[in-house]
Structure formats: C-alpha cells, structure tokens
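# Inside the fold
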Amino acid sequence: MREIRAAVIPSSGHPTVIETLRLADPGPGEVLVRMTSSGVCHSDLHVRDGHWVRPGPIVMGHEGAGAVEAVGLGVDPELVGHAVALSWYAPCLVCRECQRGRQWLCSGSPALQHAQLDGTTRLTRADGTPVLAYLSIGTMASYQVVPATAVVPMPDGVPAEVAALIGCGVSTGVGAVVKTAEVPFGATVAVIGLGGVGLSCVMGAALAGASKIIAVDVNRAKIDLAGELGATNWVLAEPDEPGKTIAAIRASAGDGGPDFVFEAIGNPSTIAQAVGALPPGGTAVLVGLTKYGQQASFEAFPFVDGGRRILGSNYGSAVAAIDFPRYAEAYLAGRLPIDKLIDRRLDLTELEDAFDRLRAGQAARQMVMHPG
Ligand SMILES: NC(=O)c1ccc[n+]([C@@H]2O[C@H](COP(=O)([O-])OP(=O)(O)OC[C@H]3O[C@@H](n4cnc5c(N)ncnc54)[C@H](O)[C@@H]3O)[C@@H](O)[C@H]2O)c1
Ligand SMILES: [Zn+2]
Ligand SMILES: [Zn+2]
C-alpha cells in the first residue's frame, strides 16, 4: 500500500480536486506503474463536463505513460523497470471480439467498469471510500495499478510524453487513417478539427503517402501546426456557414472532393460537413465523439447513388501490443513527429485551467508531468 496524489472528480459534471489516496499493491494480473506523463484529451473533458456520465469518485486521465514499479502474480517480472505506454482499453483477450483480433471492440474490458478485471478498485480515500480509475488506468495520478493487458513496453529512447500520446491521441488519429480507413498511397484527405486527435490524423495521412492533406479548423494557429505535421492545404472553417466550408474543402481537393474526410470533433454539424464534402465513392471517417443522444444527418439519395461510405473509428482500430511499438518506432525513425503535438506542460494542480483551454479549442496537447 502507498499514498498517491491524483486528480479526482466526485462525479461527472464536477471540477477536479487533487486528493491524496491509498493505492493497494497490484493483485494477480495487475501492474503497479509510476506515472511519468499524462496528456489532456477531449474525452476527459466530456466526462468532466458531464457529456458522458461515469460513476464517481473517479481518477481522471486515460492518455498516459510510466515506468513499471512492481507486478502482481502471473505477470512477467521482467517488466519491472520498463518504460511503458498505457492502453485505455485493456483487452480481456477471451471475448469473441478479442478472439477475432478486434480488441478495440472487446466486450469484457475492465475499462468498461473503470476498475480491475475482477471488478474491484485498488484505490481508496483515507475514510475507506472506494475510488475508481477512468478506463481502468486513471493516469492523472502519481502512481496507478492497472491491468497487465493495458501495459505496453516502449522501445528505448521514446520520451515519456511521446509514449503517453501514443496511449490515446496518436493511436486514435493515426490508426483511423492507416488501420480503420486503410488510406492508400496518393489518396486525397481532409481532416476537420485539429486537436491532438485530428493532428494525429494529419500525421497518419502523411505517413500513408496521401497526395493532398487538407487541414480544416476554426483556429488559424491549429492550421499552422497541421502544416508542420504534413498538411498541404487548409480551410479556415466558418461554423455558421457549413455550406461554405464544404465548398472550400471540395475546391481545395479538386476532383469533386477528398477521397477521405476525417471528422475529429464530434459535432453533428461537422459530421454532416464531412459527409457533404465527399465525391462519389468517397469515405467519411467519424473519429470525434459526440455527447450521448446526439444525431447527425445527411441527404440520403446522393449518398447511396454516389456509393459513398461512412466509417466509425474507435481507438484507431488499435491492437495496443502490436500497434503502440510500431508508432513508437515510426517516431524514432522521424516519420511521426509526435512531440510537435505538445504545446504546454503543466502540474496536476493546473488541470482545470487545461480543461478551460481545451474547451475553448486552443490546445493541441497539454501534458501533465508527474515529478519522479
Ligand atoms: N474515436 C475515438 O476512439 C476517440 C479517442 C479519443 C478522442 N476522441 C474524440 O475525438 C474528439 C477530438 O478530441 P481532441 O482531444 O483532439 O479535441 P480538441 O478539443 O483538442 O480538438 C477539437 C478541434 O476542433 C476544432 N473545432 C471546433 N469546432 C469546429 C468547427 N465547427 N469547425 C472546425 N473545427 C472546429 C477546435 O478548434 C479544435 O482544434 C473528441 O470528441 C474526443 O472525445 C475519440
Ligand atoms: Zn483520449
Ligand atoms: Zn475481449
């Protein structure tokens, strides 16, 4: 047992509070991780703002990296001391989807309970109240106990922040392009919404060899950053004039529109724009997550008549144990400039301020650093 410092929300819709919690030793199939870095993703904000209701109290954060401090029964002791990235969707490895190799659709993931595989948590307050860990990994903490299947060793030389970003934004965005959509060499691509996830779609499109990459956002600074990551064209979106944005994306792509449009916001209007900008045969890939209950619509006749497609992409179709090291190696080889996503480093106590910036659409990726 040890005392840890963590950012906790009492329940969805409430601000984070920094608390001292008790963390029990790892049980069978579990790993104790000293957290080194944790990114602030919009999915944390969806929970913090009550768009998605999660049980509480719960430690925030799901985009993290650390070093293995100890392992429980049945876990390879060689892991101790290794730098690791954490997957936010620890696979159960036995359900039908896991057996089919589609771990991102696992129906038995402990992440669904925000607890360990046996359904219990290793975290308590001093008064004994159990505290959950968001998606089983609650990375906004100095230490965490996580399921062993969430732990992916990183190759030597990968900075902690890069490993953390591979844990969500990078795998989600790059994977949406190279795994979910399998964008072929030479295709034209547009990305609507340039946060950490959309900028990773841009990097993924560059990695795939897209011939045009059109970066679309309301924020000019984001467009500039996308240019550093491989975007070739840009459109400054006008949220009140979706028709104008669609026309600009189409004109920028030529040939009637981009072969692929990635929506990385989770907004019904931009989802409709993603579909609306497609040429016949084009594919819209929905990566952004909406509030619960929201619907998006599009005109059905041209969609069917033009043989268009819509794909939903969860976690960039990630199989963490295979894909995380590949993304890390691509970073080391200079083919995925993941570190360029980082625009701010902060302490756990500044998390609410980081959420304010994210809510205003001003952040690429803000990284909470956990002092060693
Ligand atoms: N599918 C998945 O598995 C998965 C995983 C992680 C995150 N997500 C979701 O992806 C989304 C993006 O996450 P993020 O962390 O990059 O968010 P973010 O808030 O950092 O980025 C959103 C971007 O969209 C831009 N934007 C907002 N409204 C716009 C509009 N009308 N037109 C054009 N641009 C607009 C903002 O300026 C900002 O740059 C969130 O919904 C998040 O929950 C999905
Ligand atoms: Zn995320
Ligand atoms: Zn499973």
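Just so we're clear, the structure is a prediction, and the values are computed from it rather than from any experiment.

### Points about the site of ligand 1
In the region of ligand 1, 31 residues are neighbours, and His42, Asp217, Lys222, Tyr315 and Arg365 sit closest. Within the backbone of Gly196, an N or O atom sits 3.2 Å from an oxygen atom of ligand 1. The contact in question runs from an oxygen atom of ligand 1 to an N or O atom on the backbone of Leu289, over 3.1 Å. When ligand 1 sits alone it has 870 Å² of accessible area, and the protein chains cover 93% of it.

### Regarding the sheet that holds strand E7 (residues 123-124)
The five strands lie next to each other as E1-E2-E7-E8-E4, forming a closed barrel whose pairing is mixed. Bridge count for E7 against strand E8 (residues 130-133) is two bridges, and the pairing is antiparallel. The residue bridging Thr124 from the neighbouring strand is Pro130, located in E8.

### Concerning the coordination of the zinc ion (ligand 2)
Cys41 (SG), His62 (NE2) and Cys168 (SG) make up the full set of protein donors to the zinc ion (ligand 2), lying at 2.0 to 2.3 Å. Look at where the donors of the zinc ion (ligand 2) fall in the sequence and you get C-x20-H-x105-C. Residue Cys41 is found in the loop between strand E3 (30-39) and helix H1 (42-48), and its partner His62 is found in the loop between strand E4 (58-59) and strand E5 (64-71); the two are separated by 21 residues along the sequence. According to the relative accessible area criterion, Cys41 is buried, its value standing at 2%. On the basis of relative accessible area, His62 is assigned to the buried category, the value being 1%.

### As for the packing of aromatic side chains
A full pass over the atoms with the stated rule returns five aromatic pairs. Aromatic side chains Trp88 and Tyr315 sit 3.9 Å apart centroid to centroid with 10° between the ring planes, which places their arrangement in the stacked category. With Trp88 in the loop between strand E6 (83-86) and helix H2 (96-99) and Tyr315 in the loop between strand E16 (309-312) and helix H9 (320-332), the pair connects residues that are 227 residues apart, well separated along the chain. The exposure classification of Trp88 matches that of Tyr315, with both residues buried. Between Phe260 and Phe262, the aromatic rings sit 6.5 Å apart at their centres with planes inclined by 20°, giving stacked as the arrangement. Phe260 sits in the buried class, given a relative accessible area of 7%. The rings of Trp88, Tyr89, Tyr315 and Phe324 are connected pair by pair, giving a single aromatic cluster. Directly above the aromatic system of Tyr143 lies the positively charged group of Arg2, at a separation of 4.4 Å from the ring centroid. Positioned above the aromatic ring of Trp234 is the side chain of Arg220, whose terminal nitrogen or guanidinium carbon lies 4.1 Å from the ring centre.

So, how was this worked out
- Residues numbered from 1 in each chain as written.
- Chains lettered and ligands numbered in written order.
- Predicted model: local features only at pLDDT ≥ 70, side-chain atom pairs only at ≥ 80, totals over all residues.
- Heavy atoms only, no water.
- Near = heavy atom within 4 Å.
- Polar contact = N/O pair within 3.5 Å; in protein donor to acceptor, adjacent residues only side chain to side chain.
- Areas by Shrake-Rupley, 256 points an atom, 1.4 Å probe, with all protein chains shown as cover.
- Pairing = 2+ DSSP bridges.
- Helix = DSSP H or I, 4+ residues; strand = E, 2+ residues; numbered from the N terminus.
- Donors = N, O, S within 2.8 Å, 3.2 Å for Na, K, Ca; no water.
- Buried < 20%, exposed > 50% of the residue type's maximum accessible area, 1.4 Å probe, protein only.
- Phe/Tyr/Trp six-rings, centres within 6.5 Å; stacked < 30°, edge-to-face > 60°.
- Lys NZ or Arg CZ within 6 Å of the ring centre and 35° of its normal.

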